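Chain residues, written in single-letter form:
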Amino acid sequence: MTKKSIKGMRDNRWYLNIMSPNTKGEKFAWLDPTSIYINTNAFIDLLDDLLDDLEEIDCDVVAGIDAMGFVLGSALAHELCLPFAMVRKKGAKYPGKLLEESYELEYGTDTLTLQEGILGHTSRILIADDLIATGGSMIATKKLIEKTGAIVEGAVTIINLKYLNKPELGAIDISSALELSLIHISEPTRLRRMSYAV
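Residues numbered from 1 in each chain as written. Predicted model: local features only at pLDDT ≥ 70, side-chain atom pairs only at ≥ 80, totals over all residues. Heavy atoms only, no water.

Novice: What is the right way to look at the overall build of the protein in this model?
Specialist: Assigned secondary structure in the protein consists of five helices and ten strands. Residues classed as buried in the protein amount to 46% of the 198 residues present. Nonlocal contacts in the protein, meaning residues at least 24 apart in sequence, comprise 60% of its contacts between residues at least 6 apart. Summed over its atoms, the accessible surface of the protein is roughly 10,400 Å², and 51% of this surface lies on carbon and sulfur atoms. (Helix = DSSP H or I, 4+ residues; strand = E, 2+ residues; numbered from the N terminus. Buried < 20%, exposed > 50% of the residue type's maximum accessible area, 1.4 Å probe, protein only. Contact = heavy atoms within 4.5 Å. Areas by Shrake-Rupley, 256 points an atom, 1.4 Å probe, with all protein chains shown as cover.)

Right under this line is the structure:
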């Protein structure tokens, strides 16, 4: 039995149903992907689906955002037989000179760094992270990568909270296993009953 025929027999994106609801207040709700990472079949099926979604993306490096983006990004890089670059938070022990890009948080600012010399002006980058909310770290990562002369071809996430996205994210071709367009969630358990975008 081929891998494609096995995929045709399984429920479409079934792994989304095993994620646990989580919240940071009434207007910020999402599904935690930890349950997918710890389940071998779920993680394999997630990667298969994301790779199908990324067929039109022409990239030669995958860049993961610290830290959850390292899990998804390195796995996708392995499947695509591509090198993996780490976009680290400021303060991480990184050799050599660093490029920096700051972005705003609800409670202040944060800064991402990228080692000089690991990307070049001919590099075509796919950015990976587990979740997009406002997109501040994703936008900062794009700017950071562009400082090297490289081009961001797209981004991939497990979850995209589209109702929180900043307009600047419109410049990035984003593929996600799940897109939520909620404005308000008062009961986290309602997330389990939601339909998801595919």
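That covers the picture; the talk isn't over yet.
Novice: What is the right way to read the environment of Asn41 from this model?
Specialist: Looking at where Asn41 falls in the secondary structure, it is placed in helix α3 (residues 40-53). Residues Asn41 and Tyr15, 26 residues apart in the sequence, show an inter-C-alpha distance of 8.6 Å.

Novice: Explain the pairing of strand β9 (residues 151-161) to me, please; I cannot follow it from the model alone.
Specialist: Consecutive residues of a regular strand have side chains that alternate between opposite faces of the sheet. With nine of its eleven residues buried, β9 lies for the most part within the structure. One ladder, built from five bridges, connects strand β7 (residues 124-128) with β9; its direction is parallel. Along β9, the bridge assignment pairs Arg124 with Ile151. After leaving strand β8 (residues 131-132), the chain enters helix α5 (residues 136-146) and then returns to the sheet as β9, a path that is right-handed. Both β9 and strand β10 (residues 174-180) contribute to a ladder of six bridges, which runs parallel. Bridge pairing links Leu161 to Leu180 in β10. (Pairing = 2+ DSSP bridges. Right-handed = clockwise from strand over helix to strand, strands pointing away.)

Novice: I tried to follow the packing of aromatic side chains on my own but got confused; where do I start?
Specialist: How two aromatic rings sit relative to each other is set out by the distance from centre to centre and by the angle between their planes. Within this structure, the stated rule accounts for three aromatic pairs. Arranged with centres 6.2 Å apart and planes meeting at 70 degrees, the rings of Trp14 and Tyr15 form a pair that is edge-to-face. We classify Tyr15 as buried; its relative accessible area is 0%. With 6.2 Å between their ring centres and 85 degrees between their planes, Phe70 and Phe84 make a pair best called edge-to-face. A residue pair is termed long-range when its members are at least 10 positions apart, and Phe70 in helix α4 (residues 68-80) and Phe84 in strand β4 (residues 84-89) qualify at 14 residues. A relative accessible area of 28% means that Phe84 is categorised as partly exposed. (Phe/Tyr/Trp six-rings, centres within 6.5 Å; stacked < 30°, edge-to-face > 60°.)

Novice: In this structure, what is going on with the nonpolar core? I would like to understand it.
Specialist: The biggest cluster of nonpolar side chains holds 32 residues, and the ones touching the most others in it are Met19, Ile36, Leu46, Leu72, Ile158 and Ile159. Contributing elements (two or more residues each) for this core: β2 (29-32), α2 (34-37), α3, α4, β7, β9 and β10. Here this core takes six residues from α3, the largest share from any one element. Ile159 has contacts with Met19, Trp30, Leu31, Asp130, Leu131, Ile132, Ser176 and Leu178, leaving out every residue within four places of it along the chain. Counting 24 residues, the second largest nonpolar core, distinct from the first, contains Ala85, Leu99, Ile127 and Ile174. (Core = buried A, V, L, I, M, F, W, Y, C linked by side-chain atoms within 4.5 Å.)

Novice: Help me understand the pairing of strand β6 (residues 108-115) in this model?
Specialist: The pairing of β4 with β6 spans two bridges and is classified as antiparallel. In the sheet register, Arg88 faces β6, and the bridge partner there is Thr113. Pairing of strand β5 (residues 98-105) with β6 involves eight bridges; the strand directions are antiparallel. The residue bridging Leu99 from the neighbouring strand is Leu114, located in β6.

Novice: Explanation requested: the side chain of Asp130 in the structure shown.
Specialist: Among the structural elements, Asp130 can be located in the loop between β7 and β8. Of the buried charged residues, Asp130 lacks a salt bridge, with Lys89 as the closest side chain of opposite charge at 9.6 Å. Discounting chain neighbours no more than four positions away, the residues touching Asp130 are Pro33, Tyr37, Met68, Gly69, Thr157, Ile158 and Ile159. (Lys, Arg positive; Asp, Glu negative; His and termini not counted. Salt bridge = Lys/Arg side-chain N within 4 Å of Asp/Glu carboxyl O.)

Novice: What exactly am I supposed to notice about the environment of Ile132 here?
Specialist: Tracing the sequence through the fold places Ile132 in strand β8. Considered as a pair, Ile132 and Asn160 are 28 residues apart in the sequence and their alpha carbons are 4.8 Å apart. Setting aside residues no more than four positions away along its own chain, Ile132 makes contact with Met138, Thr157, Ile159, Asn160, Leu161, Asn165, Leu169 and Ile174.

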